[in-house]
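Residues per chain, in single letters:
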Amino acid sequence: MLLRFKYPSHTTYFIATIEAVAKSCGVEVDTYYSYPYIYLRGDLSEEFVQELEKQLPNSLFLEKVEASEEFAGQKPAPLPNNVGLCHRCIGEMLDPASRRYYYPFTMCNACGAHAPFLQHFPFVRQNTLMSVFQPCSACKKEMASNPWREDFALISCSQCNIPVRLSNASRTRVLYANEKEEYKELFGYVAGMLRDGKSVYMKTLRGSYRFYLAPKEHSKALLVRPSEEFLMLASEKRALFSIERPWLHLTHNSGKVYEAAAVWDGFTTLLANELQQYDVLYFDEKFQADFVLDFDLPITSYTAPRLFINKHKRCFQVGSQALFPKHSSSEHTALYSDWALYDGIVDRVEHFDEIAAKSVITFKDEEIEHPRIVRKDFAAILLKGVLRQNMHTGSAVGVYFGDEPAFYYLEDKRTTKIFTDLHIRSSPYEVRTSRSGAICPKFYREI
């Protein structure tokens, strides 16, 4: 039997879920990836199909599942995730009988923020910040027997834990969590301080923020569950609580627009669980707080994706980073700002131990020294990319609004800068049709 999932994303956590379900059901399956599809082949039992339907996360990228007559693509290497938690891991954190009870670093192969712990590829334990922690005997056994944590590089629990500490602002009083019961006590103490009107600056796997209960002028909203305080479309609710956990702009009943996110990791989930009477908490990026909740690992958090939704369309803000690392079909090596494409992976530059290249192509404004530099125009490359993405094959005129607007003409895959030192004023402009039929604005030069 062949199935294919339409899944226009280059991330791999969805594949990890499929493979874990197959192993838990004792089913042999092959999974392959060819953008925008994930292909699944095997003797798919009814038990497996039902369990897969139960376990697949709510994802922004899953569009449909259908029978397939082809089986194409390649099996991608596992990459560290950068997503929210699955219901299994949340269940463990809230189960008093679990050795991960209130342990905020709970995650598995299919969920959680792995990438902040990565030091360099490949994604194995010795290449992560967890290399200094030895798994306990229970975790070692789990790595060999639990389909969801088989060979999981970041496995840990309250027995082989990452310590967490809570201190007051002056650091004169400190509460440590090193044992199973202490984690529950610590989050309960934080919740009590918030109820008393205090604030807590908390380090999470998506960055550090100051949390409190009463909104302030520049607050962001942390949703524990869909709230009647906010006006939300059904598509916004689905996106907000998807495994990708994006930021959205939501309108409050008061008319104020908040940047909002749902609980995104173990820290925010456990804090919200201690404050179940509240549907919404508030936070910002200011450091001044009454208490600080912290841990010693120097993680490198990624910026969450920002999603914009209207009635018919949705789009991610350019620069959304929580969907990285990801695979690329390109065989090229590329560097841009803090990001690199190397060996079929796109991620932060520091996560590649070495990057080999015969020559380096940079954009004109980048200060990179190398004996073989080829400089390219960023705006021209961007124009080509936009046209290619929209399958435009003819000629076109594009405008790039950087520090100063730049005008480019593209024909036969050649890009020419057609204006320099041009200033645009806001007066009306005339629209005329070119000989090729394209609509072209007639711009006016300031005198």
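Higher on the page you've got the structure.
What you see is a predicted model; the values in this text were computed from it and never measured.

**Quick word on the overall build of the protein**
Here is step 1: If you tally the helices and strands in the protein, you get eight helices and 27 strands.
Here is step 2: Taking all 447 residues of the protein together, the buried fraction comes to 48%.
Here is step 3: In the protein, of all internal contacts separated by at least 6 residues, the share reaching a separation of at least 24 is 60%.

**Side note on the environment of Leu293**
Here is step 1: For Leu293, the location among the structural elements is in strand E14 (residues 291–294).
Here is step 2: Leu293 sits 85 residues away from Ser208 along the chain, and the two C-alpha atoms are 9.3 Å apart.
Here is step 3: Beyond its immediate sequence surroundings of up to four residues, Leu293 is in contact with Val164, Arg165, Leu166, Leu186, Phe187, Val200, Tyr201, Met202, Lys203 and Phe267.

**A word on the pairing of strand E11 (residues 248–252)**
Here is step 1: Side-chain alternation along E11 places Leu248, Leu250 and His252 on a buried face and His249 and Thr251 on a face that remains uncovered.
Here is step 2: Taken together, the two bridges between strand E10 (residues 230–231) and E11 define a ladder with antiparallel strand orientation. Paired with Leu231 across the bridge in E11 is Thr251.
Here is step 3: The loop that links E11 with its antiparallel partner strand E12 (residues 257–262) comprises four residues; one of these, Gly255, has a positive phi angle of about 100°.

**Points about the sheet that holds strand E13 (residues 280–284)**
Here is step 1: Ordered by their spatial adjacency, ten strands build an open sheet running E6-E5-E14-E7-E8-E13-E9-E12-E11-E10, and the pairing between neighbours is mixed. The outermost strands of the open sheet, each flanked by one partner alone, are strand E6 (174–177) and E10.
Here is step 2: When strand E5 (residues 164–168) meets E14, the two strands line up antiparallel, connected through four bridges. Opposite Asn168, over in E14, you have Phe291 as the bridge partner.
Here is step 3: Against the sheet, helix H5 (residues 180–195) touches E5, E6, strand E7 (200–204), strand E8 (207–212) and E14, its axis set at about 140° to E6.

**Notes on the sheet that holds strand E1 (residues 2–6)**
Here is step 1: Taken in spatial order, the four strands make up an open sheet running E2-E3-E1-E4, and their pairing is antiparallel. Edge positions in the open sheet fall to strand E2 (29–34) and strand E4 (64–67), since each of these has one partner strand only. In this sheet, adjacent strand axes meet at a mean angle of 20° when their direction is disregarded.
Here is step 2: The pairing of E1 with E4 spans four bridges and is antiparallel. Its bridge partner lying in E4, Lys6 is registered against Lys64.

**Side note on the packing of helix H1 (residues 13–24) against helix H2 (residues 46–55)**
Here is step 1: Viewed as axis vectors pointing N to C, H1 and H2 meet at an angle of 140°, and their least axial separation amounts to 10 Å. By the criterion of interaxial angle, the relationship of H1 to H2 is oblique. The two elements H1 and H2 meet at a crossing, and its hand is right-handed. Between H1 and H2, the residues in contact are Thr17, Ile18, Val21 and Ala22 and Phe48, Glu51, Leu52 and Gln55, respectively.
Here is step 2: Residue composition of the contact of H1 with H2, grouped by class: five nonpolar, two polar and one charged.

**Some points on the pattern of salt bridges**
Here is step 1: Under the defined criterion, the tally for this structure stands at 20 salt bridges.
Here is step 2: Residue Arg306 is joined to Glu259 by a salt bridge in which the shortest nitrogen-to-oxygen separation is 2.6 Å. Residue Arg306 is found in the loop between E14 and strand E15 (307–309), and its partner Glu259 is found in strand E12; the two are separated by 47 residues along the sequence. Across this residue pair, the class does not change: Arg306 and Glu259 are buried.
Here is step 3: Within this structure, Glu92, Arg99, Arg100, Glu142 and Arg149 form a network of salt bridges that share partners.

**Remarks on helix H7 (residues 266–274)**
Here is step 1: Within H7, eight of the nine residues are buried, leaving the element largely enclosed by the surrounding structure.
Here is step 2: All of the buried residues in H7 are Gly266, Phe267, Thr268, Thr269, Leu270, Leu271, Ala272 and Glu274.
Here is step 3: For H7, the N-terminal cap is Asp265; the gap from its side-chain oxygen to the backbone nitrogen of Phe267 is 3.3 Å.

**Observations regarding the environment of Pro215**
Here is step 1: Locating Pro215 in the fold gives a position in the loop between E8 and strand E9 (220–223).
Here is step 2: We classify Pro215 as partly exposed; its relative accessible area is 43%.
Here is step 3: Distance from Pro215 to Leu281, taken between C-alpha atoms, is 8.1 Å for residues 66 residues apart in sequence.
Here is step 4: Setting aside chain neighbours within four positions, we find Pro215 in contact with Tyr258 and Tyr282.

**A look at unusual backbone geometry**
For residues that are not glycine, phi is negative in most cases, and the peptide bond is trans in most cases.
Here is step 1: Each neighbour pair has its own omega, and for Tyr35 with Pro36 the value is 5°, a cis peptide bond.
Here is step 2: Position of Pro36 among the secondary structure elements: in the loop between E2 and strand E3 (37–42).
Here is step 3: Pro325 follows Phe324 through a cis peptide bond whose omega is -5°.
Here is step 4: As for its placement among the helices and strands, Pro325 is situated in the loop between strand E16 (314–316) and strand E17 (326–327).
Here is step 5: We note that Tyr102 has phi near 60°; this positive angle belongs to a residue other than glycine.

Each value, and the rule that gives it
- Residues numbered from 1 in each chain as written.
- Predicted model: local features only at pLDDT ≥ 70, side-chain atom pairs only at ≥ 80, totals over all residues.
- Heavy atoms only, no water.
- Helix = DSSP H or I, 4+ residues; strand = E, 2+ residues; numbered from the N terminus.
- Buried < 20%, exposed > 50% of the residue type's maximum accessible area, 1.4 Å probe, protein only.
- Contact = heavy atoms within 4.5 Å.
- Pairing = 2+ DSSP bridges.
- Axes fitted to C-alpha atoms, helices over the stretch in contact; angles between N-to-C directions.
- Parallel < 35°, antiparallel > 145°, perpendicular 65-115°, else oblique.
- Left-handed = near helix turned anticlockwise from the far one by under 90°.
- Nonpolar A, V, L, I, M, F, W, Y, C, P; charged D, E, K, R; others polar.
- Salt bridge = Lys/Arg side-chain N within 4 Å of Asp/Glu carboxyl O.
- Polar contact = N/O pair within 3.5 Å; in protein donor to acceptor, adjacent residues only side chain to side chain.

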